[in-house]
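# Residue-level structural notes
Spelled out, the chains give:
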Amino acid sequence: MAKMAQGLADDLASTLLLASDKGVLVAPAMNVRMWNHPATQRNLAVLRADGVAVIGPDEGDMACGEHGPGRMAEPEAIMAAIRARLDTGPLLLEPQAQVARGVLAGRHVIVTSGPTHEPIDPVRYIANRSSGAQGAAIAGALRDQGARVSFVTGPAAVPAPAGVDVIRIETAREMRDAVEAALPADAAVMAAAVADWRVVNAVPRKMKKDGSGRPPTLDLAENPDILAWVSGLDGRRPKLVVGFAAETDDIVAHATAKRLRKGCDWIVANDVSDGTGIMGGTENAVTLIDETGAEEWPRLGKDEVARRLARRIAEALA
Ligand code: C5P
C-alpha cells in the first residue's frame, strides 16, 4: 500500500499497478498496530482518493497472536467485492464512491429461502426437501449488485452468503414475523419452500408410544401465506414482489394463475418434474412470468439464474 500510494514501481506487482488503467481492489492484511499507524492510514486515504477500492481488514485474532483490525477479509467477501465490480461494467479507474456502488446500491431487498421446520415435539418436525441453494444464490447476486439484503432463511443445507444480513428462523410464522421486521424494502424475493401446514397440537415434551398400538393424531392448521401477505400489504408493500412456483406440468398456465392468486408482480416458475434433477441440484430451468407474459430461460446453473434475476430486479427498480 505504501508503494502504491507513492507510485513506486520496482517489482512486477508494483510495476503492473502503475502501468494499469484498470480498477484496483486491495484487501489489506497486517498487524493491528501497523494498520493503525498514521503512515498506513495516510497511505490508505491517498489510495482511496486515487480511486482504489478497499475491502477489509476484518477485526479479530491474528497469526501473530494479537487482536484487532488487520485480518484479511474473508475470501468469500473478497470474491463478492470482485464480482460486484465485474458486474457493474468495465473496471476503469473511477472515484472510490462510484467503484463501490453497484446498480442496486441504496436498495433494500428481502429474500426468503430454504425450508421451514414445523415442530411436532422437541425432537420431531415436518419439513421438506428444499436445500436453499437457489435462494442463497439470489441473495448473493443481489448483494453483488450492491443491494442491502435481508436474508430470512429456514434450516437450509447450504451456507448463507457472506455480506448479507442473515435472519435465521425455523417455522413459517417466524419467517412471516422476520419478513415484517425487515420491512420496508424495495423488493422481496420469496424463494423459501414454506410448509403449508403446522402442527397445532405440538407438545413441549417428546411424544412416546403408549403401548396401545394406536399412533397419535397430528392436527394441522394452514400456515400464513407470506408471499400473498406481502403482496397485499397497503403502504408497506415493496415495489417489486417476486414469488416462486415449483411445477411439474402445465408450468406456464399454473404459474400464471399463481401470480394472480398471490398478487405478486413476477413468478419464477421452475420445472421440478421427475428426472429433471432440479430439486436439490445445481441447475434450474426457469420461466419468468410477469404481467406481459412468460419468458422461458434456458437450463442454467442456479448461480446464473440468480445473476439474471438480480439484473432484472435492478432494471425494474431503476
Ligand atoms: O403456494 P405455493 O407454495 O406453491 O407458492 C410458492 C410461492 O409462495 C413461493 O414464492 C413461496 O416462497 C411462497 N409461499 C409463502 N408462504 C407460504 C407458502 C408459499 O411465501 N405459506
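What counts as what
Residues numbered from 1 in each chain as written. Predicted model: local features only at pLDDT ≥ 70, side-chain atom pairs only at ≥ 80, totals over all residues. Heavy atoms only, no water. Helix = DSSP H or I, 4+ residues; strand = E, 2+ residues; numbered from the N terminus. Buried < 20%, exposed > 50% of the residue type's maximum accessible area, 1.4 Å probe, protein only. Contact = heavy atoms within 4.5 Å. Patch = residues over 30% accessible without salt bridge, like charges linked within 9 Å, V, L, I, M, F, W, Y side chains within 5 Å. Areas by Shrake-Rupley, 256 points an atom, 1.4 Å probe, with all protein chains shown as cover. Salt bridge = Lys/Arg side-chain N within 4 Å of Asp/Glu carboxyl O. Pairing = 2+ DSSP bridges. Phe/Tyr/Trp six-rings, centres within 6.5 Å; stacked < 30°, edge-to-face > 60°. Lys NZ or Arg CZ within 6 Å of the ring centre and 35° of its normal. Expected span 1.5 Å × (residues − 1). pLDDT = per-residue confidence, 0-100.

Glancing now at the overall build of the chain. What the chain contains, in helices and strands, is eleven helices and 18 strands. With respect to the three principal axes, the spread of C-alpha positions in the chain is 80 × 50 × 40 Å. Burial status across the chain gives 42% buried among its 318 residues. A separation of at least 24 residues holds for 61% of the contacts in the chain among residues at least 6 apart in sequence.

On the surface, M79, I82 and L86 cluster together to form a nonpolar patch covering roughly 260 Å² of accessible area. Looking at the element boundaries, M79 is found in helix α5 (residues 75–87).

With that settled, consider the pairing of strand β3 (residues 58–61). With four bridges joining them, β3 and strand β4 (residues 67–71) adopt antiparallel strand pairing. Among the inter-strand pairings, E59 is bridged to a residue of β4, identified as P69. Turn length for the β3-β4 hairpin, with the two strands adjacent in sequence and antiparallel, is five residues, and the turn residue G65 shows positive phi of about 95 degrees.

Once that is clear, we can look at unusual backbone geometry. The omega torsion across G56 and P57 is 0 degrees, close enough to zero to call that bond cis. Residue position: P57 is located in the loop between β2 (53–54) and β3. The omega torsion across L183 and P184 is 5 degrees, close enough to zero to call that bond cis. Within the secondary structure layout, P184 lies in the loop between α8 (172–182) and β10 (187–190).

Turning to the packing of aromatic side chains, a few remarks are in order. Applying the stated criterion across every chain yields a total of zero aromatic pairs. One residue, R176, lies across the ring of W229, its end atom 4.5 Å from the ring centre. Across from the ring centre of W297, 5.9 Å away, lies the NZ or CZ of R308, which sits over that ring.

Another point: the side chain of K262. Structurally, K262 is set in helix α10 (residues 251–262). K262 sits in the buried class, given a relative accessible area of 18%. Those residues in contact with K262 that sit more than four places away from it in its chain are D225, L227, A228 and S231.

The first and last C-alpha atoms of helix α11 (residues 302–317) sit 22 Å apart over 16 residues, in line with the 22 Å expected at 1.5 Å per residue. For α11, every residue scored as buried is listed here: K302, V305, A306, L309, A310, I313, A314 and L317.

Quick look at the confidence of the model for the chain now. Summing up the model confidence of the chain, the mean pLDDT is 91 and the portion of residues at 70 or higher is 95%. Ignoring residues within four places in sequence, the model shows residues 90–100, a span with pLDDT below 50, making 24 contacts including any to other chains.

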